[in-house]
Structures are given as C-alpha cells and as structure tokens.
Amino acid sequence: MSVPQASLTGTRVEELAIDATSYRTVHVLLAVGFSLLLLLVAALPIEVSIAAVFLFAGPHNWIEARLLLDRMPSRWGKYRLYYTVSLLGSVSLAATAVVIALSSQGYLVGLTVPYFIMSCWHTTLIAWIVGLVLLRSQEQPARDWKSAIPIGLLITAGAWLWPAQFSLALVYLHPLAAWAFAYPEVVRKHPKWLGAYWQSVCAVAISVLLLLIIPVENQMSDGTVASQIVQHAGASLIPAIGGRALVAIHAYLEILHYIIWLVAMPALTLRAPLWTLKSAPLTRTSWGRKTVPAVLLTGVFAVVVLWIAFSLNYSVTRELYFTLAITHVLAEIPFLIRRVT
Amino acid sequence: MNWPLIIADISGGGGLRMPPQPPNGSVPYELYVAMGFLLSAAIATCVLFRRRIAVRNAAIIGLIVVGLITLIAIGSDFGRQAAWEQSMERYKQENPNIQRDPVTDSKDQR
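The rules behind the values
- Residues numbered from 1 in each chain as written.
- Chains lettered and ligands numbered in written order.
- Predicted model: local features only at pLDDT ≥ 70, side-chain atom pairs only at ≥ 80, totals over all residues.
- Heavy atoms only, no water.
- Helix = DSSP H or I, 4+ residues; strand = E, 2+ residues; numbered from the N terminus.
- Buried < 20%, exposed > 50% of the residue type's maximum accessible area, 1.4 Å probe, protein only.
- Areas by Shrake-Rupley, 256 points an atom, 1.4 Å probe, with all protein chains shown as cover.
- Contact = heavy atoms within 4.5 Å.
- Buried area = accessible area lost by both parts, 1.4 Å probe.
- Salt bridge = Lys/Arg side-chain N within 4 Å of Asp/Glu carboxyl O.
- Polar contact = N/O pair within 3.5 Å; in protein donor to acceptor, adjacent residues only side chain to side chain.
- Nonpolar A, V, L, I, M, F, W, Y, C, P; charged D, E, K, R; others polar.
- Axes fitted to C-alpha atoms, helices over the stretch in contact; angles between N-to-C directions.
- Parallel < 35°, antiparallel > 145°, perpendicular 65-115°, else oblique.
- Patch = residues over 30% accessible without salt bridge, like charges linked within 9 Å, V, L, I, M, F, W, Y side chains within 5 Å.
- Core = buried A, V, L, I, M, F, W, Y, C linked by side-chain atoms within 4.5 Å.
- Phe/Tyr/Trp six-rings, centres within 6.5 Å; stacked < 30°, edge-to-face > 60°.
- Lys NZ or Arg CZ within 6 Å of the ring centre and 35° of its normal.
- Expected span 1.5 Å × (residues − 1).
- Left-handed = near helix turned anticlockwise from the far one by under 90°.

**What to know about the overall build of chain A**
Then step 1. Along the backbone of chain A there are 12 helices and 0 strands.
Then step 2. Written out in order from the N terminus, the α and β elements of chain A read α-α-α-α-α-α-α-α-α-α-α-α.
Then step 3. The 341 residues of chain A split such that 43% are buried.
Then step 4. Just so you have it, chain A exposes about 17,900 Å², and 72% of that area is on carbon and sulfur atoms.

See below:
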C-alpha cells in the first residue's frame, strides 16, 4: 500500500505495521497448515477421515445451524415466497433423500429404489435450485439470470445419464460450498484478506491435483469401516483413481469444510459470542424467543449423542450420519443463493 | 434358461443352430430422457437468448446435433429390434420342431 509516511501519525503507522505482520503471519500459517494437512491425509487417509468425522461432524452442523439462524429474517415480508419454497423444498427433498438412501442401504426391508427414482430426485433438486435462483433474480435490484434455465436443463440431462456419478459429485461439491459461504464475508468485512482467500482456493486445487497424481500405495486396510469409507469416496464409480487417493481427497476437502465452519466463519461473521443469540433476528419474535434456544439446546444434545453413538458403533453411525446430513446440505442452498448473489 | 442345452436336448444332440440373440445393446430409456432435457436446454436457450445471435446460433447447432443423435439412437434401436424379430421368425420357420417359444425364452433370458 503506497501511503505517504509523512501524512501518517505514529499510531497509524504502528497499526499498518501490525496489519502487515499479521497478514504475513496468516499467509505463513495457511501455507504450513495446508502442507501439513496434505501430508497427513496422504499418509493416513482412512484414519484421518475417521477422526475428522468423529470429532467435527456434529459440532460443525451445530455451528452451521447457529450461523444460518443469523441469516434468517424474523419476518419474511416480500421474501415470503422465496423462504416458503426454500423450506418446503428442503424438507421434502431431505425426507425423500433419506428414504431413498435408507432403502438402498437395506434399512427399509421390502423397499428397493431403482435408479429411476434417484434420477427423479436429482431432477427435482435441480428444478428447486433453478426456481430459487429465478425467485432471487426477481428481487430488487433485478438480475438477469434466465440462463439458469438452460444450464439447469443441461445438468439434469447429465444427471439422467450418470445418476450415481451425479450423487458422488454432490458428495465432493458440498465441502466446497463452505468456501462459497466464506467469500462474501471476506469481501464485505475483510477485503484485505481476499488475496489470502484466493491463494487458499489455489492451494486446495493444487493439493487435490497432487493427491491425484502422487503415486500412493493403493493397499487399503481391511474392515467394514475402511471399505465403507472407500465406497463413500466413490471408489467403485471411479476405478481409474485409486480408492486411497479418493479417500484422501475426500478427507482433505471435508476437513477444510469443517475448519471453515468451525473457525473461519465464526471469526468472520460473529459480532457476539455464539451462545448469546442476540444476533439472531428470529429471537426477537414472540415464538422465536423460546423456540430458537430450545432448538439450539437440542442441537447440543444431538452432538453429544452423536459422539456417544460414534464411540459405540462407528460404522453404522457414520452411515446414518451421512444419510441424514443431506438435510444440512439442502438447508445451505437457499442461504448460499442469497448470500453469494 | 440355458438355450444351447435345450436345443441339444430337443435335437437329440444333433446340434441345431443357436436362436438369434435379442439386441442387448438397446438404447436405455435414460438416454431418451437425457436427450429430452438436452433438447429442452437448446430450445430454452434459443427462446431466452433470441437477441444474442452468437448464443442463439450455438444453441441451434446444439439442437440440430442433439436432435440428430436422438433420431439415430431411436432409429438404430427400432432397427435392431426389427432385425432381431425378423431373424427370429426365420429361425422358427427353419426349426419347426422346437416346441418352446424362443422369442419368449430369449426375452426371459435377457
């Protein structure tokens, strides 16, 4: 920054010096952090994946819910249609997704779901997202987003041709959504960190490429949990990439997703401690005053239950967790559309 | 249903030629649905971007390409089915001593 030194007071110069130092420190920390994480997931993909989901899956969901509550207006007003479509879509899509997933995992005896149903679900999901984008585009200032229709139709065609691969793409795209959530916060509140943000995005891309091209021994440890994690990472759908590399990439993206939600997003957005609830507009309504704390307390209880369940039976809990996790993936979408645009 | 064994049994081991196999490479319905969405995408682009000549022309080219692929897929699907049915008829005429209906059995087998 080219600021004439003579025009600055001594305090201001010190502030700028501290800013520059902290900026450099963050760069170094990010570089070291990304490298260490890369080495860790490359060396021990299964172990890291198990530990990350065990420790952070529940807490990140709770913090995500808490931060999204800050985004929910107390009165919907002119946004009523948008939020109604969001709510109805996310609830119905989540419910049907859970039924489809449970039936395909054999939990619902006598109910088998063919690919046709899965493709219909994908079509509904894309139609819902396109509908939300169009609703958002009609708000002031109006935006010309009609291209969402042909793009949505194009993606739907792909989803019908490759339904399993489309589902897998959602598994890998969801961790990246956290980056999209962080972007507007960086732009609005900490624009000087934008450089560090884009460098981090580049670091993620390079790390994923490295995990793809580095020849790693594809020897996987046997066991239910290991094979379950390998399947979840899509080893059967992308046999060209080794199961170990896929698990490493998934674990890497998942951990970064957790870090963004647990550390970066609260640091970027919160003006008050997480537990004060003053920043949540819903708490200003008569029903929200008691309901919101009750929901968040239930969330805390659910996190503890999840930890206990992971300790008792990691394999089943992990499967059920990732089945139910579609709920928070869908809940993110309406907020993401509003926030990014 | 193990056809070679049945045929060998019927013909007393003398050896009848195999019935023509049904076209197992028929176009799956998902492809038709996907083509429908691709065509819709191209039509939507043409309608929504009719004033942007370059985008509209690209969509028209896409429309023609996807339309041709769809027609070829449908045509080859029907063609293969018809060819198989014809050869099946010929097979039945050439082997009248076969009691079972090879058409049904072949379909079951598929």
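**Observations regarding the interface of chain B and chain A**
Then step 1. Contacts between the two partners involve 14 residues from chain B and, on the opposite side, 13 residues from chain A.
Then step 2. Of the roughly 1,200 Å² buried at the junction of chain B and chain A (both faces included), carbon and sulfur atoms supply 85%.
Then step 3. At the junction of chain B and chain A, the tally comes to 0 salt bridges.
Then step 4. Inspection of the chain B/chain A interface yields 0 residue pairs in polar contact (both at pLDDT 80 or more).
Then step 5. For the side of chain B that touches chain A, the per-class residue count stands at 10 nonpolar, 2 polar and 2 charged.

**Concerning the environment of Val-340 of chain A**
All names here are of chain A.
Then step 1. Within the secondary structure, Val-340 is located in helix 12 (residues 326-340).
Then step 2. The exposure class assigned to Val-340 is partly exposed, which follows from its relative accessible area of 45%.
Then step 3. The spatial distance from the C-alpha of Val-340 to the C-alpha of Tyr-314 is 36 Å, given a sequence separation of 26 residues.
Then step 4. In this structure Val-340 touches Ala-180 and Pro-184, once residues within four positions along its chain are discounted.

**Brief notes about the packing of helix 11 (residues 314-324) of chain A against helix 12 of chain A**
All names here are of chain A.
Then step 1. As a packed pair, helix 11 and helix 12 sit with axes 4 Å apart at the nearest point and diverge in direction by 25°. Considered as vectors, helix 11 and helix 12 are oriented roughly parallel to each other. Residues Tyr-321, Phe-322, Thr-323 and Leu-324 of helix 11 lie in contact with helix 12, whose contacting residues are Ile-326, Thr-327 and His-328.
Then step 2. Residue classes in the contact of helix 11 with helix 12 are distributed as 4 nonpolar, 3 polar and no charged.

**Here's the deal with a nonpolar patch on the surface**
All names here are of chain A.
Then step 1. Taken together, the side chains of Ile-206, Leu-209, Leu-210, Leu-212, Ile-213 and Ile-214 define a hydrophobic patch exposed on the protein surface, amounting to about 540 Å² of accessible area.
Then step 2. Mapped onto the elements, Ile-213 comes out in helix 7 (residues 194-213).
Then step 3. Residue classification places Ile-213 among the exposed residues on the basis of a relative accessible area of 62%.

**Structural notes on the nonpolar core**
Then step 1. Among the nonpolar cores identified, the biggest contains 86 residues, and Val-41, Trp-121, Val-204, Tyr-252 and Leu-330 of chain A are the most heavily contacted of them.
Then step 2. Among the elements that make up this core, the one with the highest residue count is helix 9 (residues 243-269) of chain A (14 residues).
Then step 3. Setting aside its immediate chain neighbours within four residues, Trp-121 of chain A contacts Leu-93, Thr-96, Ala-97, Ile-100, Leu-170, Ile-326 and Leu-330 of chain A.
Then step 4. One finds Trp-160 of chain A together with Phe-37, Ala-41 and Ala-44 of chain B within the second-largest nonpolar core, a separate group that totals 7 residues.

**As for the pattern of salt bridges**
Residue and element names in this part refer to chain A.
Then step 1. This structure, assessed with the given rule, holds 6 salt bridges over all chains.
Then step 2. Between Glu-185 and Arg-71 there is a salt bridge, with its nearest N and O atoms 2.7 Å apart. Placement of the pair is Glu-185 in helix 6 (residues 163-189) and Arg-71 in helix 2 (residues 45-71), with a sequence separation of 114 residues.
Then step 3. Put simply, Arg-71, Glu-185 and Lys-189 are held in one network by salt bridges that share partners.

**Here we look at the packing of aromatic side chains**
All names here are of chain A.
Then step 1. Applying the stated criterion across every chain, the model contains 11 aromatic pairs over all chains.
Then step 2. Where Phe-54 meets Phe-310, the ring centres are 5.8 Å apart and the plane angle is 50°; that geometry is what we call tilted. Residue Phe-54 is located in helix 2, and its partner Phe-310 is located in helix 10 (residues 288-312); the two are separated by 256 residues in the primary sequence.
Then step 3. Relative accessible area serves as the criterion here: at 26%, Phe-54 is assigned to the partly exposed category.
Then step 4. Ring geometry for Tyr-321 versus Phe-322: centroids 5.1 Å apart, planes at 70°, classification edge-to-face.
Then step 5. Note on Tyr-321: relative accessible area 8%, which makes it buried.
Then step 6. Aromatic ring contacts, followed pair by pair, group Trp-179, Tyr-183, Tyr-197 and Trp-198 into a single cluster.
Then step 7. Here the basic side chain of Arg-338 rests over the ring of Tyr-79, its NZ or CZ set 4.4 Å away from the ring centre.
Then step 8. Directly above the aromatic system of Tyr-82 lies the positively charged group of Arg-338, at a separation of 4.7 Å from the ring centroid.

**Examining the environment of Ile-72 of chain B**
Then step 1. Tracing the chain through its elements places Ile-72 of chain B in helix 3 (residues 53-94).
Then step 2. Taking the C-alpha atoms as reference points, Ile-72 of chain B and Arg-52 of chain B, separated by 20 residues in sequence, lie 30 Å from one another.

**Topic: helix 5 (residues 148-161) of chain A**
Then step 1. Under the 1.5 Å per step criterion, the end-to-end length of helix 5 of chain A is 20 Å for 14 residues, consistent within 8% with the ideal 20 Å.
Then step 2. Buried residues of helix 5 of chain A: Ala-148, Pro-150, Gly-152, Leu-153, Thr-156, Ala-157, Ala-159 and Trp-160 of chain A, and no others.
Then step 3. Contacts made by the buried residues of helix 5 of chain A are with helix 4 (115-137) and helix 6 of chain A together with helix 2 (29-48) of chain B.

**Notes on the packing of helix 2 of chain B against helix 3 of chain B**
Residue and element names in this part refer to chain B.
Then step 1. The N-to-C vectors of helix 2 and helix 3 enclose an angle of 160°; their axes lie 8 Å apart at closest approach. Classed by the angle they form, the pair helix 2 and helix 3 counts as roughly antiparallel. In terms of crossing hand, the pair formed by helix 2 and helix 3 is left-handed. Of helix 3, the residues touching helix 2 (which contributes Leu-31, Tyr-32, Met-35, Leu-38, Leu-39, Ala-42, Ile-43, Thr-45 and Cys-46) are Val-55, Arg-56, Ala-59, Ile-60, Leu-63, Val-66, Gly-67, Ile-69, Thr-70, Ala-73, Ile-74 and Asp-77.
Then step 2. When the residues that make up the contact of helix 2 with helix 3 are grouped by side-chain class, the tally is 16 nonpolar, 3 polar and 2 charged.

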